[in-house]
Each structure stands twice: as structure tokens, then as C-alpha cells.
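What follows is each chain in one-letter form.
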Amino acid sequence: ASYIASFTNLIIRTLSRIFSIALIPVLVYYFLKDFKNISEKIFLILPKKYRYHAERIGTSIDCIFGNYVRGQLLLSFIVSAMTTVALFVIGVDYALIIGVINGITNIIPYFGPVIGAVPAVIVAFLESPVKALYTIIAIIIIQQIESDLICPKITGNSVGLHPLTVMFALVAGGELFGATGLILGVPVVAAIKVIYRDIMKNMF
């Protein structure tokens with residue numbers, strides 16, 4: 001009975017964590033959507049002499065976050081395309097639908113690639129265990145290419161950071177703040193860069 005209770009609690013905690021992580025992109029979307037209203041209220045609190053600089057920095061940060069979201073959507077499209085082609089070559093049914101699902105779930109850190117891989121592996125396994133094995137290998141290769149090569153380049157270009165800086169932000173954000181750090185690490189570092197440049201420009 002104790003084993004059943006422990007297993008049940010583990011499933012509940014895992015599902016709760018997946019739900020919490022999946023909720024992060026939604027919260028980020030609504031934050032970006034209302035960013036202008038939030039920033040305007042903050043500007044009213046600041047002394048007048050700081051409002052111009054704050055507004056300029058806020059506009060730059062808003063642009064960075066917007067570019068970051070567009071970069072993530074581009075990454076999702078690329079992962080979808082790569083997955084679809086791989087599954088089509090392997091001969092898995094519903095390759096396009098599964099590829100789109102894999103690309104969308106890829107936005108979710110940690111669990112996203114796993115969640116996206118499950119439908120592909122299940123469909124492939126129902127057709128042939130060999131296809132399932134090839135599918136797992138293909139998805140692992142796609143994830144490695146995406147995380148090590150494509151993601152740093154596209155994300156770096158979208159927010160104006162060097163690919164190595166992007167990788168550092170992802171690693172540091174993930175280690176310090178988990179899934180939230182993985183999602184917000186890069187735009188936060190880019191925002192800090194904008195603030196630093198503005199401060200240095202006005203000091204010298």
C-alpha cells in the first residue's frame with residue numbers, strides 16, 4: 001500500500017510540475033501583451049527627470065522580448081519541420097501532425113521535448129518496434145542540433161547577444177531558477193545589457 005501511495009504522489013507531483021512549467025509561456029505572453037500598460041504605470045511613479053531614460057530603456061526591452069518570442073516561434077517551426085521530415089523518411093504515419101505537436105511542445109523546458117516525443121514513439125511502435133527505435137534516435141539528434149547549434153544562433157540574433165552568451169544565460173538560468181530561468185534567462189540578460197549600455201552612455 002505504501003508503494004502505491006508513493007507512486008501516486010510521484011505522479012501527482014510530476015503532473016503538477018508539468019502543468020506549472022506549461023503555464024509559464026502563457027503567463028509570459030500575457031505579461032508581454034500588457035507590458036505597455038504596466039510600464040506606463042511604473043513611469044508615473046518615477047521622478048520626471050528619470051522618465052525619459054526609463055521610457056527609452058523600456059521601449060528597448062519591450063522590443064527585445066518581442067524579438068525573443070518571435071525567435072522561439074521560429075525555433076518551434078524549425079523543430080516541427082525537422083521532425084516531420086525525419087518521421088516521413090522513417091515512414092511513420094501522421095508525420096506532419098506529430099511534427100507540429102513536437103515543435104509546439106518544444107517551447108516548454110525540460111518536459112517539452114519528452115512530451116512531444118511520446119506521440120511519435122507510440123505511433124511508430126504501433127507500426128513497428130524498429131520504426132520506434134529509429135524515431136527515438138531521430139528525435140534525440142534533432143534535439144541536440146536544436147539546442148547546441150540552432151537555438152543559440154537564432155536566439156542570439158533575435159535579442160542581440162552572442163551565441164556563447166545565450167548558452168551561458170540558458171545554463172545559468174536553468175541552474176538558478178529552473179524552468180523559469182530557461183525561459184526568461186536570455187531576455188533578462190539582454191535587458192541587463194540594454195540598461196548597462198544606457199547607464200554607461202549617460203555617465204561618459
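Residues numbered from 1 in each chain as written. Predicted model: local features only at pLDDT ≥ 70, side-chain atom pairs only at ≥ 80, totals over all residues. Heavy atoms only, no water.

**Things to note about the overall build of the chain**
Link 1 in the chain: A tally of helices and strands in the chain yields seven helices and zero strands.
Link 2 in the chain: For the chain, the α and β elements follow one another from N to C terminus as α-α-α-α-α-α-α.
Link 3 in the chain: Taking all 204 residues of the chain together, 36% fall into the buried category.
Link 4 in the chain: Counting only contacts in the chain whose residues sit at least 6 apart along the sequence, the fraction spanning at least 24 positions is 63%. (Helix = DSSP H or I, 4+ residues; strand = E, 2+ residues; numbered from the N terminus. Buried < 20%, exposed > 50% of the residue type's maximum accessible area, 1.4 Å probe, protein only. Contact = heavy atoms within 4.5 Å.)

**Looking at a nonpolar patch on the surface**
Link 1 in the chain: Side chains of V130, L133, Y134, I137 and I141 sit close together on the surface and give an oily, nonpolar patch of about 470 Å² of accessible area.
Link 2 in the chain: Looking at the element boundaries, I137 is found in helix α6 (residues 129–159).
Link 3 in the chain: The exposure class of I137 is partly exposed, given its relative accessible area of 40%. (Patch = residues over 30% accessible without salt bridge, like charges linked within 9 Å, V, L, I, M, F, W, Y side chains within 5 Å. Areas by Shrake-Rupley, 256 points an atom, 1.4 Å probe, with all protein chains shown as cover. Salt bridge = Lys/Arg side-chain N within 4 Å of Asp/Glu carboxyl O.)

**Focus: α6**
Link 1 in the chain: Over its 31 residues, α6 extends 42 Å from the first C-alpha to the last, a length consistent with the 45 Å expected when each residue adds 1.5 Å.
Link 2 in the chain: The sharpest bend along α6 measures roughly 45° and falls at I150, with the proline P152 sitting one to four residues further on.
Link 3 in the chain: Taking the backbone nitrogen of V130 as reference, a side-chain oxygen 3.2 Å away marks S128 as the first, capping residue of α6. (Expected span 1.5 Å × (residues − 1). Bend = angle between axes of the 7 residues up to and from the residue. Polar contact = N/O pair within 3.5 Å; in protein donor to acceptor, adjacent residues only side chain to side chain.)

**Here's the deal with unusual backbone geometry**
Link 1 in the chain: Unusually for a residue other than glycine, Y94 sits at a positive phi of about 60°.
Link 2 in the chain: Following the sequence through the fold, Y94 ends up in the loop between α3 (48–90) and α4 (95–105).
Link 3 in the chain: Accessibility expressed as a relative area gives 59% for Y94, which makes it exposed.

**Focus on the confidence of the model for the chain**
Link 1 in the chain: For the chain, per-residue confidence averages 78 on the pLDDT scale, and 72% of positions sit at 70 or higher.
Link 2 in the chain: Of all the helices and strands in the chain, helix α1 (residues 2–33) carries the lowest mean pLDDT, 64, while α4 carries the highest, 89. (pLDDT = per-residue confidence, 0-100.)

**Some points on the nonpolar core**
Link 1 in the chain: Counting 18 residues, the largest nonpolar core has V159, L161 and V186 as its most contacted members.
Link 2 in the chain: Among all residues touching V186, those that are not within four sequence positions of it are Y68, T155, V159, L161, V166, A169 and L170.
Link 3 in the chain: Judged by nonpolar contacts, the second largest core, of 14 residues, contains A95, I98, A120 and A132. (Core = buried A, V, L, I, M, F, W, Y, C linked by side-chain atoms within 4.5 Å.)

**A short note on the side chain of N106**
Link 1 in the chain: The residue N106 is located in the loop between α4 and α5 (111–127) in this model.
Link 2 in the chain: Only 3.5 Å separates the side chain of N106 from the side chain of E146, close enough to count as a polar contact.

**Quick word on the environment of R70**
Link 1 in the chain: Structurally, R70 is set in helix α3.
Link 2 in the chain: A sequence separation of 84 residues divides R70 from I154, and the C-alpha atoms of the two residues are 9.8 Å apart.
Link 3 in the chain: A distance of 2.5 Å separates polar atoms of two side chains, one belonging to R70 and the other to N67.

**What about the environment of A169?**
Link 1 in the chain: In this structure, A169 sits in helix α7 (residues 163–203).
Link 2 in the chain: Distance from A169 to V188, taken between C-alpha atoms, is 8.7 Å for residues 19 residues apart in sequence.

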